[in-house]
Amino acid sequence: METLILDAHRERDIQRAGAILNAGGLVAIPTETVYGLAANALREEAVRGIFAAKGRPGDNPLIVHISAVSQMYELAQHVPEEAVRLAEAFWPGPLTIILPKRACVPDITSGGLKTVALRLPDHKVARAVIEAAGVPLAAPSANLSGRPSPTAFSHVQQDLTGRVDALIDGGDCPVGVESTVVSLCGGKPALLRPGGVTLQALRDVLGDIAVDPAVLEKLTDGRTAASPGMKYTHYAPKAKIIMVDASPVEYAAYVNEKADGHALCFEEDVPRLQVPQVCYGTRYDGAGQARRLFSALHELDAAGAGTAYAHIPSKNGMGLAVYNRLVRAAGFRMKNPGGHHVVGLTGPSGAGKTAVAKIMEKLGCGVVDCDEITRAPGIYDAACLKELQAAFGEDVVQEGALNRGLLAARAFRTEEGKELLNRITHPRILGGVMAAYEAHVAAGCRVIVFDAPTLFEAGLDSYCSRILAVVADAQTRLSRIMRRDGLDEASARLRMQAQQELSFFVNRADHVVENSRDGGDLNKRLGSIVGGLREKAEG
Ligand code: TXA
Ligand code: MG
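Quick caveat: nothing in here was measured; it's all calculated off a predicted structure.

Thresholds applied
Residues numbered from 1 in each chain as written. Chains lettered and ligands numbered in written order. Predicted model: local features only at pLDDT ≥ 70, side-chain atom pairs only at ≥ 80, totals over all residues. Heavy atoms only, no water. Phe/Tyr/Trp six-rings, centres within 6.5 Å; stacked < 30°, edge-to-face > 60°. Helix = DSSP H or I, 4+ residues; strand = E, 2+ residues; numbered from the N terminus. Buried < 20%, exposed > 50% of the residue type's maximum accessible area, 1.4 Å probe, protein only. Contact = heavy atoms within 4.5 Å. Near = heavy atom within 4 Å. Areas by Shrake-Rupley, 256 points an atom, 1.4 Å probe, with all protein chains shown as cover. Nonpolar A, V, L, I, M, F, W, Y, C, P; charged D, E, K, R; others polar. Pairing = 2+ DSSP bridges. Axes fitted to C-alpha atoms, helices over the stretch in contact; angles between N-to-C directions.

1. A word on the packing of aromatic side chains
Okay, so step 1: Under the defined criterion, the tally for this structure stands at eight aromatic pairs.
Okay, so step 2: With a centroid separation of 6.3 Å and 50° between ring planes, the pair formed by tyrosine 35 and phenylalanine 153 is classed as tilted. With tyrosine 35 in the loop between β2 (27–29) and β3 (36–40) and phenylalanine 153 in helix α6 (residues 153–160), this pair connects stretches of sequence that are 118 residues apart.
Okay, so step 3: Here phenylalanine 504 and phenylalanine 505 contribute two aromatic rings whose centre-to-centre distance is 5.2 Å and whose plane-to-plane angle is 85°, an arrangement assigned as edge-to-face.
Okay, so step 4: Looking at phenylalanine 504, the relative accessible area reads 17%, which means it is buried.
Okay, so step 5: An aromatic cluster is built from Tyr284, Phe456, Phe504 and Phe505, whose rings are joined through pairwise contacts.

Structure follows, in structure tokens:
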């Protein structure tokens, strides 16, 4: 079959695509998530063509793309109030809503189900093509079944040239992972597939939402998938992918020992790696990882990678969608090379990190108290004291002992001073921290906690496989700081203002725990986090 290449910026080409689709043909179109392979959703023979071109199993239903909210009422039997709220909040956008279908939607489109998946895309070209076609368009991702989804035009060309009538070149897809799929057909709304709209954003609109077990875990035999697409091997490049659940330092050590491997890693990992690499964003930016992920999988193929070791993403925010795709690309293969997890505690001053560390210690975790290590007399050797004197004045050392007050007063006067102090002291503190960490490992600890006020500034997060943010409301924090440090209210407020925004901590965290006076059952919450980590470390 000859495949026409159309230009997204030419009105004539959009009309041409619409005519092909209206006549029952197949056209690959750009959307904000990934490219889709479109056909007239209401015509059985047209939809049959999609399954044939992709090699897609017939029981895997398709998403029907619309260009106006009113079409939801034409395709769904019944539109519950939650659907209206979701559409208002997220359409046009990367959200798919599953509703009971009307008879006009053929069984082939819905994979034999009584329901229909609807999405109003936030991409001008996609909507223009739907309008030009004059019918809703069924469109799965425009890849061969099982392969990574296409986020660049070249990916679509590779998979579908010669198999479909036309491809529209619309450049790169800005979101990079598919839409979030939410079912409103059972009792409680359910997340079937994480995607471009985060779970937190859905909770903000819906309140409670169930997360289908297939989102994170392999379906055990005999269980049926609420979303049939979740049961198939997916997103797989030619390379064998192995997920590595470890801190950046442990990840690099593990991968560097593999003679055969490529690293599928974060940009921060690059300086530590001695094997060929493909990056998929930075460690704390889920949206950036989503944008890069499928391109990175395609790049692994282009590099001829045999095995790729993927540094595990966080499951926070957009990270959940990234994790969901990557774990499927890896066929659920997962390694925890150290046999343990290191949890870095973070959070603003007064949130109660140390109280959380104490509870975790009672739960059997090994705690490394970095403040205590910083204050330990033996930590600064003679060479270190000399460096401090050269930098901040002879008198910061008196009778062989550090005058901490004077040192702090001098160092904290300027940014440069602070940096210089860190440069001199951090390696020594790190030595102490690592010694304490090694002792916990030697004692067989599965979960080790770093209680470090400057976790990120000191680079200690590179030794952590998880970040746990402790947060509390402003009033609680204020009174804690006043009491703990003996400050008046004005000074305590100044201290709070000098801190990072709450989002700084929360966006970097795998877990967020609320530690306000009435913050619920902290023990239970931490117990379940520690239990989960211990299981993952042993498994
Ligand atoms: O972002 C996206 O959603 C992209 C672009 C092209 O819009 N499309 C896409 O389609 O990802 P596809 O076919 O690759 O994935 C559709 C997912 C599958 O997991 C499928 O099982 C599920 O949605 N799905 C579709 N209809 C369903 C239904 N009636 N009930 C449950 N799951 C359904
Ligand atoms: Mg797909």
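Okay, back to it.
2. Brief notes about unusual backbone geometry
Okay, so step 1: Of the consecutive residues tryptophan 91 and proline 92, the connecting peptide bond is found in the cis state with omega at -5°.
Okay, so step 2: Within the element layout of this structure, proline 92 appears in the loop between α4 (81–90) and β5 (95–100).
Okay, so step 3: Its identity is not glycine, yet phenylalanine 332 carries a phi of approximately 65°, on the positive side.
Okay, so step 4: Of note, phenylalanine 332 is situated in the loop between α10 (319–329) and β16 (334–335).
Okay, so step 5: Residue glutamate 399 is not a glycine yet carries a positive backbone phi of 50°.
Okay, so step 6: Following the sequence through the fold, glutamate 399 ends up in the loop between β19 (397–398) and β20 (401–402).

3. Observations concerning the environment of isoleucine 529
Okay, so step 1: Its location among the elements puts isoleucine 529 in helix α19 (residues 522–538).
Okay, so step 2: Residue classification places isoleucine 529 among the buried positions, given a relative accessible area of 6%.
Okay, so step 3: In contact with isoleucine 529, other than residues within four places in its own chain, are Leu468, His511 and Val513.

4. Observations regarding the site of ligand 1
Okay, so step 1: Around ligand 1, 26 residues are found, and the nearest of them are Thr33, Asn60, His65, Ser179 and Gly229.
Okay, so step 2: Against a free-state accessible area of 680 Å², the protein chains account for coverage of 97% of ligand 1.
Okay, so step 3: The set of elements that each furnish at least two residues to the shell around ligand 1 consists of β4 (63–65), β6 (115–119) and β10 (190–193).
Okay, so step 4: The greatest single-element share of the shell around ligand 1, amounting to three residues, is contributed by β6.
Okay, so step 5: A per-class count over the shell around ligand 1 returns 13 nonpolar, nine polar and four charged.

5. Let's talk about the sheet that holds strand β18 (residues 366–369)
Okay, so step 1: Reading across the sheet, the five strands line up as β18-β21-β17-β22-β23 and stay open at both edges, with parallel pairing between neighbours. Both edges of this open sheet fall to β18 and β23 (511–514), since each of them pairs with a single strand only. Here the average twist between neighbouring strands, direction ignored, is 25°.
Okay, so step 2: Looking at chain direction, strand β17 (residues 341–346) and strand β21 (residues 447–451) are connected through five bridges and run parallel. The residue bridging histidine 341 from the neighbouring strand is valine 447, located in β21.
Okay, so step 3: Most of the contacts of helix α11 (residues 353–362) go to β17, to which it runs at about 155°, and overall it touches β17, β18, β21, β22 (466–471) and β23.
Okay, so step 4: Across the face of the sheet, helix α15 (residues 415–442) comes into contact with β17, β18 and β21 while running at roughly 170° to β18.

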